[in-house]
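Report on the structure
Okay, here's what each chain looks like letter by letter:
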Amino acid sequence: MTLNGKNAIITGGSRGLGKAVATLLAKEGVNIGISGRNEESLKSAVAELEQLGIKAFYAVFNVDEEAEVKKGIALLAEKLGSIDILINNAGIGTFGKLAEMPSQDWEQVIKTNLFGVYYTAQAVHPYMKENGSGDIINVASTAGLKGGAGMSAYAASKAAVISLSQSMMAEWRKENIRVITLTPSTIATDMSIDGGLTDGNPDKVLQPEDFAEWVRDILKMNRRALIANGSIFSTNP
Ligand SMILES: NC(=O)c1ccc[n+]([C@@H]2O[C@H](COP(=O)([O-])OP(=O)(O)OC[C@H]3O[C@@H](n4cnc5c(N)ncnc54)[C@H](OP(=O)(O)O)[C@@H]3O)[C@@H](O)[C@H]2O)c1
């Protein structure tokens, strides 16, 4: 299926996985709306996207804040004209031992990673329902499939995203909205490198472009087919 002329919103599209997906979709002719908290990095990402010959916009909003999310999504929908694709990608990784991690940090991870996905999907849903179709990709993590040492908050948040996303899929597929839950393993970005997840060797793990190619290929599948869940791993040991 061609993606040319479609409109996509990508939360956390200013860097890391979100930016790689935005870039690859733009190369397919998709118009892009990105969001994040830092306006400078959003502006520079939009300038790069425009160089690819598509329309690109940004909205500054914190996915933790329901009212901000509603306003930001409405702004992007107005600029784009409609929303065909949502990549629910913004997230944080705060890692630490369960006995030592301050409760504020724990709560923050849940708020951003879980409530952020919920607020954004809920804000986008009316636009897709009106269109009679849409694709939502919720970015969880392999950490959500199995907890691990030093990952209690992150793994719990991603396990909850998997569950939320599966419920979303069950409700919205009847409206021709494909909801896809992705569980990538470690990918070299600020989050994994700064969080010490790449063992000082980011070349050994997946790269953001690998994730972006996967997302593009899933979105290009015929609409009668829905990939409900998927994982991606590096072949390196
Ligand atoms: N990298 C990995 O190994 C890996 C593996 C599996 C899953 N994931 C998931 O993939 C997603 C992207 O991760 P990444 O590695 O690309 O991270 P990243 O490089 O740290 O980028 C995170 C993006 O999310 C935005 N963001 C963070 N908190 C936000 C908030 N409260 N409100 C709005 N925007 C926010 C950031 O922009 P601002 O800072 O400007 O807000 C940035 O654009 C996350 O959900 C992550 O959990 C990553």
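Report on the accompanying structure.

Analysis parameters
- Residues numbered from 1 in each chain as written.
- Predicted model: local features only at pLDDT ≥ 70, side-chain atom pairs only at ≥ 80, totals over all residues.
- Heavy atoms only, no water.
- Helix = DSSP H or I, 4+ residues; strand = E, 2+ residues; numbered from the N terminus.
- Rg over C-alpha atoms; globule rule 2.2 N^0.38 Å.
- Buried < 20%, exposed > 50% of the residue type's maximum accessible area, 1.4 Å probe, protein only.
- Contact = heavy atoms within 4.5 Å.
- Pairing = 2+ DSSP bridges.
- Axes fitted to C-alpha atoms, helices over the stretch in contact; angles between N-to-C directions.
- Near = heavy atom within 4 Å.
- Polar contact = N/O pair within 3.5 Å; in protein donor to acceptor, adjacent residues only side chain to side chain.
- Areas by Shrake-Rupley, 256 points an atom, 1.4 Å probe, with all protein chains shown as cover.
- Nonpolar A, V, L, I, M, F, W, Y, C, P; charged D, E, K, R; others polar.
- Phe/Tyr/Trp six-rings, centres within 6.5 Å; stacked < 30°, edge-to-face > 60°.
- Right-handed = clockwise from strand over helix to strand, strands pointing away.
- Lys, Arg positive; Asp, Glu negative; His and termini not counted.
- Salt bridge = Lys/Arg side-chain N within 4 Å of Asp/Glu carboxyl O.

Thoughts on the overall build of the protein
A count of helical and extended segments in the protein gives seven helices and seven strands. Secondary structure elements of the protein occur, N-terminal to C-terminal, as β-α-β-α-β-α-β-α-β-α-β-α-α-β. By the compact-globule yardstick of 18 Å for 237 residues, the protein fits well, its C-alpha radius of gyration being 17 Å. A principal-axis box enclosing the C-alpha atoms of the protein has dimensions of 50 × 35 × 35 Å. When burial is assessed residue by residue, the protein has 48% of its 237 residues classed as buried. The contacts in the protein between residues at least 6 apart in sequence include a share of 68% that link residues at least 24 apart.

Considering the sheet that holds strand 6 (residues 177-184)
Across the sheet, seven strands lie side by side as 3-2-1-4-5-6-7; this open sheet has parallel pairing. Here the strands that pair on one side only, and so sit at the sheet edges, are strand 3 (56-60) and strand 7 (229-232). Taking each pair of neighbouring strands and ignoring which way they run, the sheet shows an average axis angle of 15°. Judged from the five bridges that link them, strand 2 (residues 31-36) and strand 3 form a sheet pairing that is parallel. Within strand 3, the residue paired with glycine 33 across the bridge is phenylalanine 57.

Observations regarding the site of the ligand
By nearness alone, 30 residues border the ligand, and Arg15, Arg37, Tyr154, Ile187 and Thr189 come closest of all. Taking asparagine 89, its main chain carries an N or O atom lying 2.8 Å from an oxygen atom of the ligand. For the ligand, an oxygen atom lies 2.8 Å from a polar atom in the backbone of isoleucine 187. When the ligand is considered free in solution it has 890 Å² of accessible area, and contact with the protein chains removes 96% of it. Elements with a contribution of two residues or more to the shell around the ligand: helix 1 (16-27), helix 5 (152-172) and helix 6 (190-194). If you tally residues by element for the shell around the ligand, the top one is helix 6, at three residues. Of the residues contributing to the shell around the ligand, the split by class is eleven nonpolar, 14 polar and five charged.

As for the packing of aromatic side chains
In the structure shown here, the tally under the stated rule is five aromatic pairs. Ring geometry for phenylalanine 95 and tyrosine 154: centres 5.3 Å apart, planes at 65°, overall edge-to-face. Residue phenylalanine 95 is located in the loop between strand 4 (85-88) and helix 4 (103-131), and its partner tyrosine 154 is located in helix 5; the two are separated by 59 residues in the primary sequence. A residue is classified by how much of its surface remains accessible, and phenylalanine 95, at 22% relative accessible area, is partly exposed.

Here's the deal with the pairing of strand 4
Side chains Ile85 and Ile87 project from strand 4 onto one buried face, and the interleaved Leu86 and Asn88 project onto a second face that is buried too. In this sheet, strand 5 (residues 134-139) lies alongside strand 4 in parallel orientation, the contact comprising four bridges. Paired with asparagine 88 across the strands is asparagine 138, a residue of strand 5. On the question of chirality, the crossover connecting strand 4 to the parallel strand 5 by way of helix 4 is right-handed.

Observations regarding the side chain of aspartate 84
Along the chain, the position of aspartate 84 falls in the loop between helix 3 (66-80) and strand 4. For aspartate 84, which is buried and forms no salt bridge, the nearest opposite charge comes from lysine 6, at a distance of 4.9 Å. Separated by 2.8 Å, the side chain of aspartate 84 and the backbone nitrogen of asparagine 7 make a polar contact. Once residues within four sequence positions are removed from consideration, aspartate 84 is found in contact with Lys6, Asn7, Met128, Asn131, Gly134 and Asp135.

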